[in-house]
Amino acid sequence: MRSLDGAETVPTAQFDLHGYLLARQAVVESHLERAVAPGYPEKIIESMRYSLVSGGKRLRPVLCLAGCELSGGDPALAIPTACGLEMLHTASLIHDDLPAMDDDDFRRGKPANHKVFGEGMALLAGDALLSYALEFILLNTRRVPADRLLRVMQTLINRVGVAGLVGGQVVDVECEGQEDVAPETLEFIHSRKTGSLIDAAMVTGAILGGADDDTIARLSEYARKVGLAFQIVDDVLDVTATRQELGKTPHKDQKSGKATFPRLFGVEGSMRRARELVDAAKQEIEPFGPRARPLSAMADHIYTRTS
Ligand code: GRG
């Protein structure tokens, strides 16, 4: 099978996750750099580019490409969707940082969008990235049957709306400052706020790669588990990591009275739950054999990450 960096994707015992991620991140970076070209009105485009072309782990795009590869598709077909996912994610980060939401001054190691461009412009930059993501995918996806592309669009639109990001954010805001948030409510918030786009990345990659329904269902289940583990580790890092490692303000959750996993289960209990989820996610993709090696390594990485 062909891979983006031209390397053989059949895994070896020593899977080089670092090299795998770097190659795919580089492809995504170069496409994102060109996706939002400088233009008029300058201010809004500058504001969009400030947040979009500014680092970030590019987890969602890489998962989308991986889902396509695992399903036997040419990952090049998934590049526009991978970039679109990063635009949607970035839009949500810009809005999340606004004073009316999570109110954070730092993101990706630099001042948050609204600290540089003002709240109104940050709001608009998020809006513009949200709509441009969908337009970008439609205009740039080639050699994909229309029914598949329609399914990709439907999945993305669903995962950013009330059933996904927006729904999770609403309950998160409602729960702020509440002492007695139930574990199920916390899982609801995390599975929407964080899990939705991770799920969308896996599912859209698989659809573009021509996966059958069973494969899509397995990858979606993998994503749901890994997405929750990712957010649990995120909550733990908020307690244990430095500003430099996080690229944003640490101990923010505690200060704003947020419902988090460490608050409910402690750091150790949270990490135990994250480990269980990662192991269950890996089991979900075991039937794919060696083809699942990158996703399996990524699941482990999500557990051990420090930033
Ligand atoms: C659809 C524009 C729009 C908004 C929906 C504001 C909002 C409503 C939702 C916020 C969702 C949100 C910010 C969830 C947090 C998810 C999360 C864990 C972000 C950090 O992801 P990383 O670590 O970040 O992958 P990088 O910077 O590496 O990309």
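Values in this document were obtained by computation on a predicted structure and should not be read as measured data.

Draft legend 1. Examining the overall build of the chain more closely. A count of helical and extended segments in the chain gives 15 helices and two strands. For 307 residues, the compact-globule estimate of 2.2 N^0.38 gives 19 Å, and the C-alpha radius of gyration of the chain, at 18 Å, lies within 12% of that figure. With the C-alpha coordinates aligned to their principal axes, the bounding extent of the chain is approximately 50 × 50 × 30 Å. Sorting the 307 residues of the chain into buried and exposed places 54% on the buried side. For the chain, the share of sequence-separated contacts (at least 6 apart) that also reach a separation of at least 24 residues comes to 72%. Entry remark: accessible area of the chain is about 13600 Å², with carbon and sulfur atoms responsible for 55%. Taken together, the 35 basic and 43 acidic charged side chains of the chain have centroids lying 3 Å from each other.

Draft legend 2. Representation of empty space enclosed by the protein. On inspection of all chains with the given rule, the structure shows one cavity of 30 Å³ or more. A volume near 90 Å³ is recorded for the largest cavity. Only α2 (42-52), α4 (79-97) and β2 (110-111) provide two or more residues apiece to the lining of the largest cavity. At four residues, α4 tops the list of elements feeding residues into the lining of the largest cavity.

Draft legend 3. Representation of the site of the ligand. What surrounds the ligand is a group of 18 residues, the closest being Lys57, Arg60, His89, Arg108 and Gln231. The separation between an oxygen atom of the ligand and a polar side-chain atom of Arg60 is 2.8 Å. Contact distances for the ligand include 2.8 Å between an oxygen atom and a side-chain N or O atom of Arg108. Of all elements in the fold, only α4, α8 (165-175) and α11 (213-240) reach the threshold of two or more residues within the shell around the ligand. Among the elements that line the shell around the ligand, the one with the most residues is α4, at six residues. Counted by class, the shell around the ligand contains five nonpolar, seven polar and six charged residues.

Draft legend 4. A look at unusual backbone geometry. Going from Tyr40 to Pro41, the amide bond is cis rather than trans, its omega being -5°. By the element assignment, Pro41 lies in the loop between α1 (17-35) and α2. Notably, Asp103 is not glycine yet its phi reads approximately 55°, a positive angle. Considering the arrangement of structural elements, one finds Asp103 in the loop between α4 and β1 (106-107). For Arg143, which is not a glycine, the phi torsion comes out positive at approximately 60°.

Parameters at a glance
Residues numbered from 1 in each chain as written. Predicted model: local features only at pLDDT ≥ 70, side-chain atom pairs only at ≥ 80, totals over all residues. Heavy atoms only, no water. Helix = DSSP H or I, 4+ residues; strand = E, 2+ residues; numbered from the N terminus. Rg over C-alpha atoms; globule rule 2.2 N^0.38 Å. Buried < 20%, exposed > 50% of the residue type's maximum accessible area, 1.4 Å probe, protein only. Contact = heavy atoms within 4.5 Å. Areas by Shrake-Rupley, 256 points an atom, 1.4 Å probe, with all protein chains shown as cover. Lys, Arg positive; Asp, Glu negative; His and termini not counted. Charge placed at Lys NZ, Arg CZ, Asp CG, Glu CD. 1 Å grid on protein atoms, 1.4 Å probe; cavity = no way out; pocket = protein on both sides within 12 Å on 5 of 7 lines; lining within 4 Å. Points joined across faces, edges and corners; volume = space filled by probe spheres on them. Near = heavy atom within 4 Å. Polar contact = N/O pair within 3.5 Å; in protein donor to acceptor, adjacent residues only side chain to side chain. Nonpolar A, V, L, I, M, F, W, Y, C, P; charged D, E, K, R; others polar.

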